[in-house]
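# Architecture and fold: a report
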Amino acid sequence: MSQQTPNSASLQGLPARRAAVQLLNAVTVEQRLMSELMGPKGPLAKLEAADRARAQRLATNTLRHMDRADRLLGPFLRSRPASEVHNILRLAVVEIFVEGAPSHGVGNALVTIAREERETTHGAGMVNAIVRRLGDMPMSDWEKLPVPRLPKWLRKPLIGDYGKATVEAMELAHSKGAPLDLSFKEGAILPEGTMLETGSLRITDAGQVTSLAGFTEGGWWVQDASAALPVAILAPKAGERVLDLCAAPGGKTMQLAAAGAEVTALDISEARMARVSENLTRTGLNAEIVVADAMEFKSELYDAILLDAPCTATGTIRRHPDLPYAKDGGEFPELFKLQENMIDHALSLLKPDGRLIYCTCSILLDEGEIQIEDALKRHPNLSIDRAALEVQGVDPAWISKEGGLRIRPDYWADRGGMDGFYIAVLRQNGEST
Ligand SMILES: C[S@@+](CC[C@H](N)C(=O)[O-])C[C@H]1O[C@@H](n2cnc3c(N)ncnc32)[C@H](O)[C@@H]1O
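Quick caveat: nothing in here was measured; it's all calculated off a predicted structure.

### Considerations on the packing of helix α5 (residues 83-97) against helix α7 (residues 124-136)
For any two helices packed against each other, the geometry is given by the interaxial angle and the distance between the axes. With their axes 10 Å apart at the nearest point, α5 and α7 run at an angle of 25° to one another. When the axis of α5 is compared with that of α7, the two are roughly parallel. Crossing angle aside, the handedness with which α5 passes α7 is right-handed. On α7, the residues that touch Val85, Ile88, Leu89, Ala92, Val93, Ile96 and Phe97 of α5 are Met126, Val127, Ile130, Val131 and Leu134. Looking at the contact of α5 with α7 residue by residue, the class counts come to 12 nonpolar, no polar and no charged.

### Things to note about the domain arrangement of the protein chain
Along its sequence, the protein chain is carved into domain 1 (8-143) and domain 2 (180-427). Put simply, the middle of domain 1 and the middle of domain 2, counted by C-alpha atoms, are 35 Å apart. Each side of the interface is counted separately: domain 1 has 12 residues, and domain 2 has 8 residues. Of the roughly 790 Å² buried between domain 1 and domain 2, counting both surfaces, carbon and sulfur atoms make up 65%. The largest per-residue losses of area from domain 1 upon contact with domain 2 belong to Leu33, Leu63 and Arg64, which jointly make up 51% of the total buried on that side. Linking domain 1 with domain 2 are 0 salt bridges. Remark: the boundary between domain 1 and domain 2 carries 3 residue pairs in polar contact (both at pLDDT 80 or more). Looking at the side of domain 1 that touches domain 2, the elements with two or more residues in it are α2 (14-28), α3 (49-64) and α4 (66-73). No other element matches α3, which puts 3 residues into the side of domain 1 that touches domain 2. Of the residues assigned to the side of domain 1 that touches domain 2, the class counts are 5 nonpolar, 4 polar and 3 charged.

### Structural notes on the site of the ligand
The immediate surroundings of the ligand are formed by 20 residues, with Lys252, Asp267, Arg272, Ala294 and Asp308 found nearest. Note that an oxygen atom of the ligand is positioned 3.0 Å from one of the backbone N or O atoms of Gly250. A distance of 2.9 Å is found between an oxygen atom of the ligand and a side-chain nitrogen or oxygen belonging to Lys252. In isolation the ligand offers 600 Å² of accessible surface; the protein chains occlude 86% of this area. Going through the elements one at a time, α12 (251-258) and β6 (262-267) are the ones with two or more residues in the shell around the ligand. In terms of residue class, the shell around the ligand is built from 12 nonpolar, 3 polar and 5 charged.

### Looking at the nonpolar core
Judged by nonpolar contacts, the single largest core of 49 residues is most densely connected at Leu72, Leu73, Val93, Phe97, Leu110, Val127 and Leu134. Mapped by element, the contributors of at least two residues to this core are α2, α3, α4, α5, α6 (103-116), α7 and α14 (323-326). No other element matches the 9 residues that α2 contributes to this core. Here Leu110 is in contact with Arg17, Ile88, Leu91, Ala92 and Val127, once residues within four sequence places are set aside. Counting residues in each nonpolar core, the second largest holds 42 residues, with Ile233, Met273, Ala313 and Val391 among its members.

### Things to note about the pairing of strand β7 (residues 288-291)
Looking at chain direction, β6 and β7 are connected through 4 bridges and run parallel. Bridge pairing in β7 places Leu266 opposite Val290.

### Structural notes on helix α16 (residues 369-378)
Buried within α16 we find Glu369, Gln371, Ile372 and Ala375. For α16, the arc enclosing every buried residue in end-on projection is 165°, short of the 170-degree limit, so these residues lie on one face. Tucked inside the fold, the buried residues of α16 contact α15 (332-347), β9 (350-360), β10 (383-384), β11 (405-407) and β12 (421-427).

Reading the values: the criteria
Residues numbered from 1 in each chain as written. Predicted model: local features only at pLDDT ≥ 70, side-chain atom pairs only at ≥ 80, totals over all residues. Heavy atoms only, no water. Axes fitted to C-alpha atoms, helices over the stretch in contact; angles between N-to-C directions. Helix = DSSP H or I, 4+ residues; strand = E, 2+ residues; numbered from the N terminus. Parallel < 35°, antiparallel > 145°, perpendicular 65-115°, else oblique. Left-handed = near helix turned anticlockwise from the far one by under 90°. Contact = heavy atoms within 4.5 Å. Nonpolar A, V, L, I, M, F, W, Y, C, P; charged D, E, K, R; others polar. Domains from an automatic or database assignment. Buried area = accessible area lost by both parts, 1.4 Å probe. Salt bridge = Lys/Arg side-chain N within 4 Å of Asp/Glu carboxyl O. Polar contact = N/O pair within 3.5 Å; in protein donor to acceptor, adjacent residues only side chain to side chain. Near = heavy atom within 4 Å. Areas by Shrake-Rupley, 256 points an atom, 1.4 Å probe, with all protein chains shown as cover. Core = buried A, V, L, I, M, F, W, Y, C linked by side-chain atoms within 4.5 Å. Buried < 20%, exposed > 50% of the residue type's maximum accessible area, 1.4 Å probe, protein only. Pairing = 2+ DSSP bridges. Arc of directions from axis to C-beta.

Given below as structure tokens:
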């Protein structure tokens, strides 16, 4: 590719590519999560729907393949370029080798984008030269690269928790992304899909969620198969008083309400709670809505409490590959402490014979096994209910030694995987703490 005036065909994708680069910069430079960038001031706000979807897909794929893209680019880079230039090059790799886009079009568009900003204009020539060389590389050079690794700050503690082979299996699962899973009410109109043993409906290549059959009728909602297990394990009975202590955006609230429980849904975030209300309206389900800090909430005692505690969300990297690049683990100890305090406070809201379901969408043992072992030490009258974990489709081999359920993203590899999760059922043996 020579330095040329970009033709209009290759520039058609400019808005989406520009927004993808902005998303990548916001994640890797400003350490912001993609979910925080979707608002009216975010890079996607002014785009047409198709460009918005494309920009999001490009940024997500680039983050998912970041480690491989960096390996492929390594030999072309004498020193590490400015992050903003690096992100343009990473996007080029992913467009050419993952999306199969012609390199000349990718080069023209990305050189134009590089020239637009102060941080990248000096790198435009380099982008041009490297994309040209990428275009000459055979696909086999990409295919023989190892599975993308997690950044060191997360990989190291995970290897300490699980060993290298398991972490590599998780990384393989992360690289594959995730299908769409639905939870649903009885009698709901459902799109075509595969019914999983645990009761979720799985759809591969779902496309636009709002276009799926039954969306308007509101009989189903999006929820990963493993995220649906805490309520299956809680097994709410009609009329039971259940407190959903960290409820937003409400996937589990809807499951509880659909089972006929009398649900109090609480969350500290007013904005996220508005989504719970919207979700309940769409699905025609009911719950009492409380916006409050769980730690300050007082009430009559509950039959059952679901504590889906705020966590690192490291179990959801398959669908949120931005997370390892937007975070560095610095704020994690604060979260672990909050989880500990929330368990203790939840126990004070539980009837003597009640059950507390503690769960996190995390693969870190600190937020699962270790949290529960510590809670059992703090509360001598607390016990763990292993038998409650025996629900349809749950492999008994997933139960860990303290009696909780450890779900890993590399499980169900042949069926499209599942998010990492930890679930434990606690009982207070007769009296509240
Ligand atoms: C893992 S999410 C909950 C997901 C939800 N259970 C579902 O299934 O859709 C954790 C939630 O905890 C909420 N949260 C964080 N700190 C809180 C606090 N101190 N009190 C109440 N909610 C809190 C967050 O706003 C967030 O919505």
